[in-house]
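Notes for the structure review
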Amino acid sequence: DVKVTQSSRYLVKRTGEKVFLECVQDMDHENMFWYRQDPGLGLRLIYFSYDVKMKEKGDIPEGYSVSREKKERFSLILESASTNQTSMYLCASRPRDSPYEQYFGPGTRLTVT
Amino acid sequence: GQSLEQPSEVTAVEGAIVQINCTYQTSGFYGLSWYQQHDGGAPTFLSYNALDGLEETGRFSSFLSRSDSYGYLLLQELQMKDSASYFCAGPSGNTPLVFGKGTRLSVIA
């Protein structure tokens, strides 16, 4: 079974803190994604990566950055957390030759106070 | 642009059949995928349609008409555990899936 894990299920941070959300997948997938999910807004793409050291902006990249130093790991960084970044963050991965099926991690519910 | 429209909420009775529609506005989608997400959980893949027609997987079926830019997810013999949000998504090659905003299905006794 494909497994996508995220470093924390729940996280509480203060405004202005630098926040790291880690995601690891164990199936050698080329593509990895970070989404945030808010009620009524669905899944919004923040950043994605097609390969190691590659990154592309998604629909809402402002206030975020990413890092992919190893194929299995994709990190989302909030440079200076703000209250409007309180959300559920979901990481996903998929193989390059399978456009239909993405595998999601359990999510990190981040609260910024 | 790329967008997928689906109803925000649907309610159905246990044991019944429910259809969740999805229409899309885009060029370049290679078909349609469906995902299920229970409250507090992660989205999980249900099915996809690369070609027109009906795909059946147990109690769930999914349909696609590319000429109409339309698809649906059909859930039969509804069970309480089917209460969840359902998302349609459009794949277009090696680019990220574009998701609809989700349909919250409530199954009532």
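Figured I'd write up the structure that's included with this text. (Residues numbered from 1 in each chain as written. Chains lettered and ligands numbered in written order. Predicted model: local features only at pLDDT ≥ 70, side-chain atom pairs only at ≥ 80, totals over all residues. Heavy atoms only, no water.)

What to know about the overall build of chain A
- Across its full length, chain A holds 0 helices and 11 strands.
- Along chain A, from the amino end to the carboxyl end, the secondary structure elements read β-β-β-β-β-β-β-β-β-β-β.
- Relative to a compact globule of 113 residues, whose C-alpha radius of gyration would be 13 Å, chain A shows 13 Å and is just as compact.
- Along the first, second and third principal axes, the C-alpha set of chain A runs to 40 × 30 × 25 Å.
- Out of the 113 residues belonging to chain A, those deemed buried represent 52%. (Helix = DSSP H or I, 4+ residues; strand = E, 2+ residues; numbered from the N terminus. Rg over C-alpha atoms; globule rule 2.2 N^0.38 Å. Buried < 20%, exposed > 50% of the residue type's maximum accessible area, 1.4 Å probe, protein only.)

What to know about the nonpolar core
Residues and elements named next belong to chain B.
- Counting 21 residues, the largest nonpolar core has Leu4, Leu32, Leu75, Tyr86 and Leu105 as the members making the most contacts within it.
- Among the secondary structure elements, those contributing two or more residues to this core are strand S2 (9–13), strand S3 (18–25), strand S4 (32–37), strand S7 (60–65), strand S8 (70–75), strand S9 (84–90) and strand S11 (103–108).
- Of all the elements, S3 adds the most residues to this core, at 4 residues.
- If near-sequence neighbours (up to four positions away) are discounted, Leu4 is found in contact with Cys22, Thr23, Tyr24, Phe29, Leu32, Cys88, Ala89, Gly90, Val98, Phe99 and Gly100. (Core = buried A, V, L, I, M, F, W, Y, C linked by side-chain atoms within 4.5 Å. Contact = heavy atoms within 4.5 Å.)

Focus: the packing of aromatic side chains
- Per the counting criterion, the structure on display carries 15 aromatic pairs over all chains.
- A ring pair is formed by Tyr100(A) and Tyr48(B), whose centres lie 4.1 Å apart and whose planes are at 10 degrees; its orientation type is stacked. Taken together, the residues span two chains, with Tyr100(A) in the loop between strand S9 (87–94) and strand S10 (103–104) and Tyr48(B) in strand S5 (residues 44–49).
- Cluster of aromatic residues (ring-pair linked, three or more members): Phe33(A), Tyr35(A), Phe48(A), Tyr50(A), Tyr100(A), Phe104(A), Tyr35(B), Phe45(B), Tyr48(B) and Phe99(B).
- Cation over ring: Arg9(A) sits above Tyr10(A), and NZ or CZ is 5.9 Å from the ring centre. (Phe/Tyr/Trp six-rings, centres within 6.5 Å; stacked < 30°, edge-to-face > 60°. Lys NZ or Arg CZ within 6 Å of the ring centre and 35° of its normal.)

Overview of the state of the cysteines
- Summed over the entire model, instances satisfying the criterion amount to 2 disulfides over all chains.
- Note on cysteine connectivity: Cys23(A) is disulfide-linked to Cys91(A), with sulfurs 1.9 Å apart. With the S-S bond torsion at -75 degrees, the cross-link from Cys23(A) to Cys91(A) turns out left-handed. Remark: Cys91(A) occurs in strand S9 and Cys23(A) occurs in strand S3 (residues 19–25); sequence separation between them is 68 residues. Like Cys91(A), Cys23(A) is buried.
- Residue Cys22(B) pairs covalently with Cys88(B) via a disulfide, S to S 2.1 Å. Its S-S torsion of about 75 degrees marks the bond between Cys22(B) and Cys88(B) as right-handed, since a negative value means left-handed. With Cys22(B) in strand S3 and Cys88(B) in strand S9, this pair connects stretches of sequence that are 66 residues apart. (Disulfide = S-S within 2.5 Å.)

Overview of the sheet that holds strand S1 (residues 4–6) of chain A
Residues and elements named next belong to chain A.
- Taken in spatial order, the 4 strands of this open sheet run S1-S3-S8-S7, and their pairing is antiparallel. The outermost strands of the open sheet, each flanked by one partner alone, are S1 and strand S7 (64–70). Adjacent strand axes in the sheet meet at a mean angle of 20 degrees when their direction is disregarded.
- For S7 and strand S8 (residues 73–78), the ladder comprises 5 bridges, and the chain directions are antiparallel. By the bridge assignment for S8, Ser65 is matched with Ile77. (Pairing = 2+ DSSP bridges. Axes fitted to C-alpha atoms, helices over the stretch in contact; angles between N-to-C directions.)

A few points about the layout of surface pockets
- Of the pockets and cavities examined, the largest pocket occupies roughly 500 Å³.
- Along the walls of the largest pocket sit 21 residues, with Gln37(A), Pro39(A), Gly40(A), Ser85(B) and Arg104(B) positioned nearest its centre.
- At the level of elements, strand S4 (31–38) and S9 of chain A together with S9 and S11 of chain B are the ones that each hand at least two residues to the lining of the largest pocket.
- When its residues are assigned to classes, the lining of the largest pocket shows 3 nonpolar, 12 polar and 6 charged. (1 Å grid on protein atoms, 1.4 Å probe; cavity = no way out; pocket = protein on both sides within 12 Å on 5 of 7 lines; lining within 4 Å. Points joined across faces, edges and corners; volume = space filled by probe spheres on them. Nonpolar A, V, L, I, M, F, W, Y, C, P; charged D, E, K, R; others polar.)

Re the interface of chain B and chain A
- On the chain A side, the residues contacting the 21 residues of chain B number 22 residues.
- Between chain B and chain A, roughly 1,700 Å² of surface is buried when both sides are summed, and carbon and sulfur atoms account for 58% of that area.
- Viewed at the interface, chain A and chain B are joined by 0 salt bridges.
- On the surface where chain B and chain A come into contact, there are 5 residue pairs in polar contact (both at pLDDT 80 or more). (Buried area = accessible area lost by both parts, 1.4 Å probe. Salt bridge = Lys/Arg side-chain N within 4 Å of Asp/Glu carboxyl O. Polar contact = N/O pair within 3.5 Å; in protein donor to acceptor, adjacent residues only side chain to side chain.)

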